[in-house]
Amino acid sequence: MRELNQRIRYLELPDRMNRLKINDQGFPIPYFVPYVDGKPEFRGFDGEKLAICVRLKRCWLCGEPLGKFMVFVIGPMCAVNRVSAEPPSHRECALYAVRACPFLTQPRMRRNEVDMPEHLEPAGIMLRRNPGVTLMWTTLKYSVVKDGRGGALFNVGDPERVEFFAEGRPATHDEIMASISSGMPTLREMAERDGPDAVAELGRMYDKAMELVR
Ligand SMILES: [Zn+2]
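For the structure given in this document, a descriptive report is provided here. (Residues numbered from 1 in each chain as written. Predicted model: local features only at pLDDT ≥ 70, side-chain atom pairs only at ≥ 80, totals over all residues. Heavy atoms only, no water.)

## Brief notes about the coordination of the zinc ion
Around a metal, the ideal angle is 109.5 degrees if four donors adopt a tetrahedral arrangement and 90 or 180 degrees if six donors adopt an octahedral arrangement. Which entries qualify depends on this criterion: Here the term donor refers to an N, O or S atom within 2.8 Å of the metal (or 3.2 Å for Na, K and Ca), and because water is left out of the atoms, sites may appear incomplete. The rule is simple: four donors are tetrahedral if all their angles sit between 85 and 135 degrees, four are square planar and six octahedral if opposite donors span more than 155 degrees and the others lie between 65 and 115, and anything that fits none of that is irregular. Going along the chain from the N terminus, every DSSP run of H or I of four or more residues is numbered as a helix, and every run of E of two or more is numbered as a strand. Relative accessibility decides the category of a residue: with a 1.4 Å probe and only protein chains considered, values under 20% of the type maximum give buried, values over 50% give exposed, and everything between is partly exposed.
Donor atoms from the polypeptide that coordinate the zinc ion comprise Cys59 (SG), Cys62 (SG), His90 (ND1) and Cys93 (SG), at 2.1 to 2.3 Å from the metal. For the zinc ion, the four donor atoms are set out with angles of 100 to 120° between them, so the coordination reads as tetrahedral. If you list the donors of the zinc ion from N- to C-terminus, the spacing comes out as C-x2-C-x27-H-x2-C. One end of the pair, Cys62, is in the loop between helix H1 (47-56) and strand S3 (70-74); the other, His90, is in the loop between strand S4 (83-84) and helix H3 (91-100), and 28 residues separate them in sequence. Residue classification places Cys62 among the buried residues on the basis of a relative accessible area of 6%.

Below you can see the structure in the form of structure tokens.
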């Protein structure tokens, strides 16, 4: 086994993630990561593994069976629309990801979409910016919805617990508010295209999300 990257060596790797391979840069390769030309493509996900995770209730990050509590690792806008493009994980695995994953810990590291293979495009309309703030949304249930393009999205159930992170540490109130505010215009535009009912519904969802931010 290769050594872990120096930046994440201080973090304890969850037991369940011990079996994951390590990439050339020393980062564990999550279960969902597809291989393109023999190389792990961290920006995409493997559709077959997604189906396995949903059908067999497996963890998105380690591939092992999930328990009762399921944790979605989502961007701040998902706290408003309650939609995730990815299925849930174990709490330990999610906590490791929000501390170790370069995409989630470095707000200035833009998702590099150059050369992104088209078939790996995530389902639904992803808000294409690194949100800076990441949430761990713990729930007992979720439902699968078709995105209309042959993909699937996940409606996350009511939260048992919500934790906000930025740069691998708990996010401040200002960071949470800034990240939600910066994403709202996009959601509002989408709602406006759908009509006044959708705009009113977005308003209700926004208020509900605000109850989680204290
Ligand atoms: Zn796991």
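## Describing the packing of helix H5 (residues 173-194) against helix H6 (residues 196-210)
Where we set the bar: To get an axis, fit a line to the C-alpha atoms, keeping to the stretch in contact for a helix; angles then go from 0 to 180 degrees between the N-to-C directions. For classification, angles of less than 35 degrees are called roughly parallel, those exceeding 145 degrees roughly antiparallel, those between 65 and 115 degrees roughly perpendicular, and all remaining angles oblique. Left-handed is the label given to a crossing in which the near helix is rotated counterclockwise from the far helix by less than a right angle, and right-handed is the label when the rotation is clockwise. Contact between two residues is taken to exist if any of their heavy atoms lie within 4.5 Å; hydrogens are not considered.
Between H5 and H6, the least distance of the axes is 9 Å, while the angle of their chain directions is 160°. Judged by the inter-axis angle, H5 sits roughly antiparallel to H6. Crossing angle aside, the handedness with which H5 passes H6 is right-handed. Where H5 approaches H6, its residues Met177, Ile180, Met184, Leu187, Arg188, Ala191, Glu192 and Asp194 are matched on the opposing element by Ala198, Val199, Leu202, Tyr206 and Met210.

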